[in-house]
Amino acid sequence: MNVELSHIHKWFGSVHANDDVSLTVRAGTIHGLLGENGAGKSTLVKILSGYITHDAGTIRLDGKPVTIRTPTDALRWGVGMLHQDPMDFPPLSVLENFMARLDGGFWLNRRAAARELQTLAARFGFSLNPEAHVSELTVGERQQLEMLRLLSMGAQVLILDEPTTGISATQKAQLFAALRQLADQGKAVIFVSHKLEDIEALCDEVTVLRRGRVVGHVALPCPPEKLVEMMFGKVLSAPIKPHTVRDQVALELKDAVIRTDRFDLHLEHLTVCSGEVIGLAGLEGSGQQAFLATCAGVQRLARGKLWLAGQEMTHKPHRAFLDRGVCYVPADRLSEGLIAGLTIHEHVALRSPNGFFINRAHVQRLAERAIQTYSIRGAPGTLVERLSGGNQQRTQLALLPDPLSVILMEHPTRGLDIESTLWVWQQLIARCQQGTAILFASSDLDEIISYSDRVLVFSGGRVSKPLEARTLTADQLGYMIGGKF
Amino acid sequence: MAARTVRVPISQPGVYQVGALVAAVVFLAGLVLAVGESPLQVFAALLRGAFGTADQIGRVVNTLTVLLLCACGLVFTFNAGLYNLGIEGQLTLGAIATTLALRLFGEVLPGPVAIALGLVFGIIGGVLWGVLAGALKVYGRVSEIFAGLGLNFVAQGLAIYLVFGPWKRPGVASTSGTEPFGEHLWLGTFGRTEATPVSVLLALAAVAMTIVLMSRTYFGLRLRAVGQNPRAADILGVPATRQLLLAFALCGALAGLGGALQVVGNFHRLTPTISGGLGFLGLLVVMLANFNAAWVVPVAVFFSALSVGSLQLPLVLRQVDSSLAGVIQGVLVLAALIGRGLRQERAAHGD
Amino acid sequence: MATEQWVIVLATAVASATPLVFAVLGETLSERAGVINLSAEGTIMFCAMAGFAAALATNSVLVGFGAAAVIGALIALIVAFSAITLKQSQTAVGFVLALLFSDLSSFLGAPLVRIPGPTVPAFAIPVLSEIPILGRLFFSSDPLVYLSYVAIAVTWVFFYRTRAGLMLRAIGEQPNAAFVRGADVVRLRYLYTLLGGALMGIAGAAFSLNFKAGWTFRHTGGYGWIALAIVIFGGWNPLRAALGAYLFGILQSLASVAQDQFQGVPTQVLNVAPFVLMIVLLVVTSSGWLERLLAGAPAPVRRRVLQALHAAPPAALGKPFRQD
């Protein structure tokens, strides 16, 4: 089935996630969708699969305009999607997951379904035990199950969103062979990924998205430099961070294994010096968040050891890390970093406990000073959820105790305007000059290069060795984010 | 196409809450009309029943003191994000522990000392039951709702067992409870009413303590932080486990004290239904007061007056059962919840 | 005890468990869809009164049951609207309804106290009731009891043998995943919450028109809470929940027999049993203690044991569905 998307628009609030996107996928081909974080790939395929609705534009299947507003619509037209996070039912068995759908008769015919599942699985060389519970399966097996279900429902268009994260090499080979076989049968396959390697190995054509827009469309094979350039689309800015690195070790990890819900991240050895800034690059969900949470003691190390300034801290609680001047600033300001329902004043009080009773006048002074120093647009009595994103971030920074040995931050400037961004980094660099080490994750490559001393790249369940930011080129970074270390 | 503007939800004047309240009152009036009585007469009868005589006022005050203690305790658990449905059990266990203390010491120690010991025992009993629910929640990951409900029945089962078993009245056991304690173990009263000054003082102290703890101390602030968002609180350095257990302990202590007062101030014995449903009523009070300690007082006064005032209803107006009080309380809280929900839903959808 | 005595004890147990069977089936249905209907205590009590009143007015038991079912569904509608549409706390609303409708049953039911009314007539099923022992146990009572057998079987078959039943379990587990499979989560949650409420209404009428025929103040006091506990004890499985109800019936029926032996221990003490069992089971299964113990066992054994003791609530229980 040929798929034709034309002039698709989608807004989330004021964010234009898909801006006039047009795309044609021919039956019998595997079409790659490439792009970095927030490029709009997932939004586009979720629209095609009916999971979210588009604001404007048309979808044509085999030349015929169709209305897709719910997953049921999409399934009826033969469009099936494998979501990035498995959309299945862990406590139910493999067979029940296979049968959980609206098509088919009133009665569950277990025997027939099991037979169909086995036949389909055998065709692709998958091996799934129908009686096993999905909670016992690996991510790769759950993916196989979902794919077989979609095929048995007669999917003619198969969409896969970042399917190769967290699956084994064998499973990847099986997946690619299966997709090739499906394309050869005349199905259209849309393969969403940020990994150059996978796109090159699998796809016939590739469309590159950047900031919600289509920036290029090429047939493969094509030189990877070209893809990298389209993906990132610019020459990276130069490092501007002054030298602040001291030769004391602030944080050290050895033989660390960090568990995420999809994979285990291995880190042989890492030392972070006082005053040093380490940028964590890579597609979101590649383990940066788990890494930062682990360094803050919010998450436990699965294996290995961790030291702060020479003192072993493995398996110590978050409180102990806080006492040693380690602070974690999560990306999701309102669900993790700040407490909705409490005011700025109350946040300041929480951070500076002193005695049993709250000295309101004292806290008020502290809050006013913080508001002034950090130019927060709000009063001490303002509820944090009423602040704008930028002011929430300023509040988070204002809440950081002083002095600190290590700051662990996710997306320090996400959603901020240029002025606020510069201002945030001024504050952070001032901290470095006092000897604080900073580790931050960002999806903005400019930010990584500009402000880091060294960079760690996270991709596909792996993490690179630390790289000197000064000598790093855009190409190099692009390749590594694309999974080529 | 222009980019959508993002609307910030603004708290509108509570049209929905007022609307829900009006609907509630209309519904209640209709209900009374349906059984063939006049709403105004019923209202007058309720007022007379609650405040008509000094005796009745005394009874309102006694109910109010226990209700306030429970409600204050629940302010802590609600603010910690917990539905402490186990409050009835905490109340009952407080009463059982007090009875135990009075049986042990009532005849060997001077009356006031025994009563004081009884109050302390009551507090300990309530704390035990509260912390048990807390431990099940924190360490056993059992929902405090189901654990609490279960523990209520266990506590009540224990009370029934004691009343009919080891502590039964000489002669024949009966649902009216254990043998009443001697008058030296009764709390002194205001004149000839049933209201006891000690209860009033304790309840007022509890209210003051709750208001101060919730609004002036780090303890209250941490409790609210954990209740609003345990994960963010943890990242900001407030460990949830301790706060949750403390909330359960405090609530248990206050409810246990309430149970103790039921024994030494109201019933002077242990009965199988010693809690009188005041724990559950406390939950309604705090929900209607929107979890705010200061608002708890007027709501509790109103609810106590309703509960006591309604007892006379069937005598005055033949068609109206005393359960009307519970109906009014329930309908008001339900209306408040739905009104709040409508407003939030509206705010979330722009206009 | 002699066989004869046992037969009487068990037959009484079956009869006394019948209203509870309807209640636990209803609550299981609703909770499997993701909605806790905490109003059970109030719903059952109010429907007992309303069903009795309707039957009395029309002199028809059937009308009584019908009215009870409709009213049960209407009370559930309040829960559903607050929980699903307004996304308010299901606990708060359900709890308030539990207290409110208990009191409302007394208020409106005052004139009905202790007056005789119609009851479900006894009816022994020919042939089946002649089977030795079993016939007397299960087939010599009344149509309502037989209907409860049917309800258990139908619910179980619906849950595990039909596609709609599988989707029901799906929406309570991962509503998002059910949505991508085409399920209309909101509508289905409404449907099953109302259906569950109707079953609880029938449970109420089963008290006042059959097992404890007639109406008094707080006629069914405690049974709603007991039903909630049995649903958990039953691991959200209709068959196990029904067995839990029978177990409770046996306990009660034994207690009344054993009264002579254990003088002074009132039967109410035994009402504690389901709650203690519920808490123990919840601790064992939800603290992860069992999983750790079984970590070394081979997968099929582990699966079997966990399934047998399974008491993990539906993953989305009590959570509103939001499409992202």
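Only a predicted model underlies this, so the values are computations on that prediction, with no experimental measurement involved.

A. Broad picture of the overall build of chain A. Each helix and strand counted, chain A has 17 helices and 21 strands in total. Against the globule reference of 23 Å for 485 residues, chain A gives a C-alpha radius of gyration of 25 Å, in line with a compact fold. Relative to its 485 residues, chain A shows a buried fraction of 49%.

B. Spatial organisation of the overall build of chain B. Across its full length, chain B carries 14 helices and zero strands. In sequence order, chain B lays out its α and β elements as α-α-α-α-α-α-α-α-α-α-α-α-α-α. Relative to a compact globule of 351 residues, whose C-alpha radius of gyration would be 20 Å, chain B shows 22 Å and is just as compact. Overall, the C-alpha framework of chain B stretches about 85 × 55 × 30 Å when taken along its three principal axes. By residue count, 57% of the 351 residues in chain B fall in the buried class. If you take every contact in chain B between residues at least 6 apart in sequence, the share linking residues at least 24 apart comes to 78%.

C. Broad picture of the sheet that holds strand β11 (residues 249-259) of chain A. Residues and elements named next belong to chain A. Spatially, β12-β11-β14-β15 is the arrangement adopted by the four strands of the open sheet, whose pairing is antiparallel. With partners counted over all chains shown, the strands left at the sheet margins are β12 (264-273) and β15 (311-312), one partner each. Pairing analysis gives two bridges linking strand β14 (residues 303-308) to β15, with the strands arranged antiparallel. The residue bridging Leu-308 from the neighbouring strand is Gln-311, located in β15. Along the sheet, helix α9 (residues 288-295) contacts β11 and β12; its crossing angle with β11, the most-contacted strand, is approximately 125 degrees.

D. Structural context of the interface of chain B and chain A. On the side of chain A, 28 residues touch chain B, which itself brings 21 residues to the contact. Mapped onto the side of chain B that touches chain A, the elements with two or more residues apiece are α8 (218-228) and α9 (230-235) of chain B. Among the residues forming the side of chain B that touches chain A, the class breakdown is 12 nonpolar, four polar and five charged.

E. Examining unusual backbone geometry more closely. For the bond running from Leu-220 of chain A to Pro-221 of chain A, omega is 0 degrees, close enough to zero to count as cis. By the element assignment, Pro-221 of chain A lies in the loop between β10 (213-219) and α8 (224-232). For the bond running from Asp-402 of chain A to Pro-403 of chain A, omega is 0 degrees, close enough to zero to count as cis. A positive phi is found at Ser-375 of chain A, a non-glycine position, where the angle reads about 45 degrees. Note on placement: Ser-375 of chain A falls in the loop between α13 (360-373) and α14 (389-398). Ser-375 of chain A gets classed as partly exposed once you count the C-beta atoms within 10 Å, which come to 13. Positive phi is not limited to glycine here, since His-268 of chain B has a value of about 60 degrees. Along the chain, His-268 of chain B turns up in the loop between α10 (240-267) and α11 (278-288).

F. Layout of the interface of chain B and chain C. Across the contact, 38 residues belong to chain B and 35 residues belong to chain C. Elements supplying a minimum of two residues to the side of chain B that touches chain C: α6 (144-164), α11 and α14 (324-348) of chain B. For the side of chain B that touches chain C, the per-class residue count stands at 26 nonpolar, eight polar and four charged.

G. Region of the structure containing the sheet that holds β10 of chain A. Residues and elements named next belong to chain A. The strand order β6-β7-β8-β3-β9-β10 describes an open sheet built from six strands, whose pairing is mixed. What marks the edges here is a single partner per strand, and that holds for β6 (79-82) and β10. With direction set aside, neighbouring strand axes in the sheet form an average angle of 20 degrees. Bridge count for strand β3 (residues 30-34) against strand β8 (residues 188-193) is five bridges, and the pairing is parallel. Counterpart to His-31 in the pairing with β8 is Ile-190. Of the strands in this sheet, β3, β9 (205-210) and β10 are in contact with α8, which crosses β9 at around 30 degrees.

H. Structural view of the packing of helix α1 (residues 3-32) of chain C against helix α10 (residues 223-233) of chain C. All names here are of chain C. Two elements in contact, α1 and α10, have axes separated by 9 Å at closest approach and are oriented at 55 degrees. With respect to their mutual orientation, α1 and α10 come out oblique. Taken as a pair, α1 and α10 cross one another with a handedness that is right-handed. Taking contact as the criterion, the partners of Leu-20, Ala-23, Val-24, Glu-27, Thr-28 and Glu-31 in α1 are, on α10, Tyr-223, Ile-226, Ala-227, Leu-228, Ile-230 and Val-231. Tallied by class, residues from the contact of α1 with α10 come to nine nonpolar, one polar and two charged.

I. View of the packing of α10 of chain C against helix α11 (residues 238-258) of chain C. Residue and element names in this part refer to chain C. Direction vectors running N to C along α10 and α11 enclose 125 degrees, while the axes themselves pass 8 Å from each other. Comparing the axis directions of α10 and α11 gives the class oblique. Of the two possible hands of crossing, α10 and α11 adopt the one that is right-handed. Counting all contacts with α10, which are made through Ile-226, Ile-230, Val-231 and Phe-233, the residues of α11 involved are Ala-241, Gly-244, Ala-245 and Phe-248.

J. Representation of helix α5 (residues 139-152) of chain A. Residue and element names in this part refer to chain A. With 14 residues, α5 should reach 20 Å at 1.5 Å per residue; the first-to-last C-alpha distance of 20 Å fits that figure. Judged by how many residues are buried, α5 sits mostly within the fold: 11 of 14 residues are covered. The inward-facing, buried residues of α5 abut β6, α3 (94-99), α4 (110-124) and β7 (157-161).

K. Structural context of the domain arrangement of chain A. Residue and element names in this part refer to chain A. The domains assigned to chain A are domain 1 (3-232), domain 2 (237-325 + 402-485) and domain 3 (338-400). For domain 2 and domain 3, the distance between their C-alpha centroids amounts to 26 Å. Facing the eight residues of domain 2 at the interface are five residues of domain 3. Here the side of domain 2 that touches domain 3 gets three residues from one element, more than from any other, and that element is helix α15 (residues 418-433). Of the residues contributing to the side of domain 2 that touches domain 3, the split by class is four nonpolar, three polar and one charged.

L. A look at α11 of chain C. Residue and element names in this part refer to chain C. Taking 1.5 Å per residue as the helical rise, α11 with its 21 residues ought to reach 30 Å, and the 30 Å between its terminal C-alpha atoms agrees with that figure. If you check which residues of α11 are buried, you get Pro-238, Arg-240, Ala-241, Ala-242, Gly-244, Ala-245, Phe-248, Gly-249 and Ser-253. The inward-facing, buried residues of α11 contact α1, α6 (143-161), α10 and α12 (272-286).

M. Structural context of the confidence of the model for chain B. All names here are of chain B. Of the residues in chain B, 95% reach a pLDDT of 70 or more, and the chain-wide mean stands at 90. A low-confidence stretch, residues 1-11 stays under pLDDT 50, and its non-local contacts, those more than four residues away or across chains, total 13 contacts. The ipTM assigned to the predicted complex is 0.92, against a pTM of 0.92.

N. The pairing of β10 of chain A, seen in detail. All names here are of chain A. Looking at chain direction, β9 and β10 are connected through six bridges and run antiparallel. Its bridge partner being in β10, Thr-207 is matched across the sheet by His-217. Adjacent in sequence and paired antiparallel, β9 and β10 are bridged by two residues, among which Arg-211 carries a positive phi angle near 45 degrees.

O. Region of interest: the pairing of strand β13 (residues 277-282) of chain A. Residue and element names in this part refer to chain A. The buried fraction of β13 is high, at six of six residues. Residue alternation in β13 divides its side chains into two sets, Val-277, Gly-279 and Ala-281 and Ile-278, Leu-280 and Gly-282, and both sets are buried. Sheet topology note: the β13/strand β19 (residues 454-459) ladder contains five bridges and is parallel. By the bridge assignment, Ala-281 is partnered in β19 with Val-457.

P. The environment of Ala-57 of chain C, seen in detail. Among the secondary structure elements, Ala-57 of chain C is positioned in helix α2 (residues 40-58). In this structure, the C-alpha to C-alpha distance between Ala-57 of chain C and Thr-3 of chain C, residues 54 residues apart in sequence, is 42 Å.

Q. Region of the structure containing the environment of Ala-23 of chain B. Residues and elements named next belong to chain B. With respect to the secondary-structure elements, Ala-23 resides in helix α1 (residues 15-34). On the basis of neighbour count, Ala-23 is assigned to the partly exposed category, with 14 C-beta atoms found within 10 Å. For the pair Ala-23 and Val-327, spaced 304 residues apart in the sequence, the C-alpha separation amounts to 14 Å.

R. View of the nonpolar core. Ranked by size, the top nonpolar core spans 379 residues in total, and within it Val-285 of chain B together with Leu-20 of chain C carry the most contacts. The greatest single-element share of this core, amounting to 16 residues, is contributed by helix α9 (residues 185-211) of chain C. In this structure Leu-20 of chain C touches Ala-203, Tyr-223, Ile-226, Ala-227, Ile-230, Ala-245 and Phe-248 of chain C, once residues within four positions along its chain are discounted.

S. Structural detail: the environment of Val-15 of chain A. Residues and elements named next belong to chain A. Assignment of secondary structure puts Val-15 in strand β2 (residues 15-25). Overall, Val-15 belongs to the partly exposed group, with 15 C-beta atoms counted inside 10 Å. C-alpha separation for the pair Val-15 and Ala-155, spaced 140 residues apart in sequence, amounts to 32 Å.

Procedures and definitions
- Residues numbered from 1 in each chain as written.
- Chains lettered and ligands numbered in written order.
- Predicted model: local features only at pLDDT ≥ 70, side-chain atom pairs only at ≥ 80, totals over all residues.
- Helix = DSSP H or I, 4+ residues; strand = E, 2+ residues; numbered from the N terminus.
- Rg over C-alpha atoms; globule rule 2.2 N^0.38 Å.
- Buried ≥ 20, exposed ≤ 12 C-beta atoms within 10 Å, placed from the backbone.
- Contact = placed C-beta atoms within 7 Å.
- Pairing = 2+ DSSP bridges.
- Axes fitted to C-alpha atoms, helices over the stretch in contact; angles between N-to-C directions.
- Nonpolar A, V, L, I, M, F, W, Y, C, P; charged D, E, K, R; others polar.
- Parallel < 35°, antiparallel > 145°, perpendicular 65-115°, else oblique.
- Left-handed = near helix turned anticlockwise from the far one by under 90°.
- Expected span 1.5 Å × (residues − 1).
- Domains from an automatic or database assignment.
- pLDDT = per-residue confidence, 0-100.
- Core = buried A, V, L, I, M, F, W, Y, C linked by C-beta atoms within 7 Å.

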